[in-house]
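The lines below spell out each chain.
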Amino acid sequence: MDLYAELILDHYKNPRNFKELEKADIVFEDNNPLCGDKVKIFLKVENEQIKEVSFMGVGCAISIAASSMISEIVMNKTYEDVFKIDKNQVEKMMGAELSVSRVKCAMLGLSAIKKAIKILQNEK
Amino acid sequence: MDQVKKLRNDFPILKGKLIGRPLIYLDNAATTQKPNQVISKLCEFYENYNSNIHRAVYAISEEATIAYEQVRTKIADFLKAEDPAEIIFTRGTTESINLIAYSYGEKNIKKGDEIVVSDLEHHSNFLPWKALCERKGAKLKVLESDEKGDFVNIKDVIGKKTKLIAVTLMSNAIGLIPNLKEVFEAGKKAGAKILLDGAQYVPHFGFSLEETDPDFLVFSGHKMLGPMGVGVLYVKMETLEEMDPFLYGGEMVTEVTEKDVTWNDLPYKFEAGTPSVADVISFGAALDYLDKIDMTEMQNHINDLTEYAFKQLNKIDEISIVSPDNTDINGGVIAFNVDDVHPHDVGTILDKEGIAVRTGHHCAQPLMNKLGLTGTVRISFYLYNTKEEIEILVNALKKVQEIFFNEE
């Protein structure tokens, strides 16, 4: 249960889907003022389903690694399934319990994806 | 150092075991730990004479009133103020500053006036003035500090339009003690009121109003061994008389009819509602504790620790220090970064080693922006810290590097 285990450091140093997405259906930026973490989410969607996701950002190891992991998880998921992902699953995904102050770092990417989906739903 | 070992016994939290050894507490700029003498004073009040002050005629209320007012006198003596009525109790430094901004500022700041702060300020000595300026159509000007603590643009910033100067005596983010001599001279010449934020400085150095003569001085009890919930606001009597109340309610009036109100005497006019009686009385115990320790000896101890920590941290190439490496202008705060590691990651790894440090922007974003940083790791010392604790910190920082860089 080590927060700075190999898996997290690997995702931090080599984040997956870390790029801008051309012709994204939505680009959404969010930040965590406590840490100064910033994340920009790019989504391509079709029929209430995520077809492609990427992100850019700066921040602590926890936020970058969590965004990287979550980008792999939400790929091809329906909106409904994305909304079902909660803190417990994020902790499971990271293989570590998160302290209250660090939960926000870990949830930043996921919460940005959810906010972006909500905007898409409202646009309809 | 023998004295330090002895006085550490007074602090229960420093004896508690976190990860098989006592907590290493290096976040004293945020709040200090409390000795038994202060903690037991809180219990003593609630167990023996808990009652509201100033109003009742029964014995325990009178006892509480006397104890509360004795602390006001104690603070007046500590600061060498002329009159205890110049001491107002608030909840903390932030409330003290807001009280001035509302009760002095609303009445006396006009359109076109200028208020001056420095680039070293905590948000609490920046935002109330920014908001006041916006309400009044006044202008906020900023003194720029250099790395030696001198302000480089005094002549451009302080002038005839300056009505109030609000500056810190010591930066909470980097520990820098700015040179305020010229600011003071220019301010007096301009006829401006001067507010000194002593939240960081006073717990380490005390303050003598006989030597320096500001209109306002603010600080918090909890950063100098006292309980949370007590702030001190000193206002010079002549300035106090120019101020309207801030909060309206009980205790601050002598007579109320539907048409007219007579304000209570100073300082009660500014202490509406039930104050934190137990906390104020316990803050008195903290002042007694500090009084027993020679403050010069405490400063020497903190200087020793600061110099030692600089020496140890400087040995690590990957650590970049932001604070001034000179105890003449550094009051015992070291802000640094481990290269290529986010401060919050450093903080979390140190936490796992039982070491409490502060990470982030330290509520001083204007300064962080100027330094080109989003945040730092900050350690800050008080009288109970030891060199052994610094050694444990340095070893833990080496572990941070191992975690982040050694596996390739």
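Read on for a plain summary of the structure. (Residues numbered from 1 in each chain as written. Chains lettered and ligands numbered in written order. Predicted model: local features only at pLDDT ≥ 70, side-chain atom pairs only at ≥ 80, totals over all residues. Heavy atoms only, no water.)

### Structural notes on the pattern of salt bridges
All names here are of chain B. What the rule picks out here adds up to 28 salt bridges over all chains. Note that Arg358 and Asp27 form a salt bridge whose closest N and O atoms lie 3.4 Å from each other. One end of the pair, Arg358, is in strand E14 (residues 358-360); the other, Asp27, is in the loop between strand E1 (24-25) and helix H3 (36-49), with 331 residues separating them in the sequence. Residue class for Arg358 comes out partly exposed when judged on its relative accessible area of 38%. Here Lys188 and Asp213 are joined by a salt bridge, their closest N and O atoms 3.7 Å apart. One end of the pair, Lys188, is in helix H8 (residues 181-190); the other, Asp213, is in the loop between helix H9 (202-205) and strand E7 (216-220), and 25 residues separate them in sequence. Given the relative accessible area of 39%, Lys188 is considered partly exposed. Look at Asp213 and you get partly exposed, because its relative accessible area is 34%. By sharing partners, the salt bridges in this structure join Lys188, Lys193, Asp213, Asp215, Lys236 and Glu242 into a single network. (Salt bridge = Lys/Arg side-chain N within 4 Å of Asp/Glu carboxyl O. Helix = DSSP H or I, 4+ residues; strand = E, 2+ residues; numbered from the N terminus. Buried < 20%, exposed > 50% of the residue type's maximum accessible area, 1.4 Å probe, protein only.)

### Digging into the packing of helix H1 (residues 6-13) of chain A against helix H2 (residues 61-74) of chain A
Residues and elements named next belong to chain A. At a minimum axis separation of 8 Å, H1 and H2 run at an interaxial angle of 85°. By the criterion of interaxial angle, the relationship of H1 to H2 is roughly perpendicular. The segment H1 lies against H2, with Leu7, Ile8, His11 and Tyr12 engaging Ala61, Ile64, Ala65, Ser68, Met69 and Glu72. (Axes fitted to C-alpha atoms, helices over the stretch in contact; angles between N-to-C directions. Parallel < 35°, antiparallel > 145°, perpendicular 65-115°, else oblique. Contact = heavy atoms within 4.5 Å.)

### Description of the packing of aromatic side chains
Taken as a whole and assessed by the stated rule, the structure comprises 13 aromatic pairs over all chains. Grouping aromatic residues by their ring pairs yields a cluster made of A:Tyr4, A:Tyr12, B:Phe404 and B:Phe405. Over the ring of B:Tyr308 we find B:Lys387, and its NZ or CZ is 5.2 Å from the ring centre. (Phe/Tyr/Trp six-rings, centres within 6.5 Å; stacked < 30°, edge-to-face > 60°. Lys NZ or Arg CZ within 6 Å of the ring centre and 35° of its normal.)

### Regarding the nonpolar core
Counting residues in hydrophobic clusters, the biggest one holds 140 residues, and the most contacted among them are A:Met94, A:Ile113, B:Ile75, B:Phe283 and B:Leu383. For this core, the element with the most residues is helix H5 (residues 100-123) of chain A, which contributes 11 residues. The two domains that each donate at least three residues to this core are domain 1 (2-26 + 294-405) and domain 2 (39-291) of chain B. By size, the runner-up hydrophobic cluster in this structure holds 26 residues, among which are B:Tyr104, B:Leu195, B:Leu233 and B:Met237. (Core = buried A, V, L, I, M, F, W, Y, C linked by side-chain atoms within 4.5 Å. Domains from an automatic or database assignment.)

### Considerations on the sheet that holds strand E8 (residues 231-235) of chain B
Residue and element names in this part refer to chain B. Strand order in the open sheet formed by seven strands is E2-E8-E7-E6-E5-E3-E4, with mixed pairing between adjacent strands. The open sheet has two edge strands, strand E2 (87-90) and strand E4 (139-143), and neither has a second partner. Pairwise comparison of adjacent strand axes, ignoring direction, gives a mean angle of 20° for this sheet. Pairing of strand E3 (residues 114-118) with strand E5 (residues 162-168) involves four bridges; the strand directions are parallel. When the sheet's bridge partners are listed, Glu114 is paired in E5 with Thr162. (Pairing = 2+ DSSP bridges.)

### Some words on the interface of chain B and chain A
On the chain A side, the residues contacting the 12 residues of chain B number 14 residues. For the pairing of chain B and chain A, the buried interface totals around 1,100 Å² over both sides, and the portion due to carbon and sulfur atoms is 56%. Where chain B meets chain A, there are one salt bridge. Between A:Arg102 and B:Asp345 there is a salt bridge, with the nearest N and O atoms lying 3.1 Å from each other. Applying the counting criterion to the chain B and chain A interface returns six residue pairs in polar contact (both at pLDDT 80 or more). Only helix H13 (343-352) and helix H15 (387-405) of chain B provide two or more residues apiece to the side of chain B that touches chain A. Ranked by residue count, the leading element in the side of chain B that touches chain A is H13(B), at four residues. Counted by class, the side of chain B that touches chain A contains four nonpolar, four polar and four charged residues. (Buried area = accessible area lost by both parts, 1.4 Å probe. Polar contact = N/O pair within 3.5 Å; in protein donor to acceptor, adjacent residues only side chain to side chain. Nonpolar A, V, L, I, M, F, W, Y, C, P; charged D, E, K, R; others polar.)

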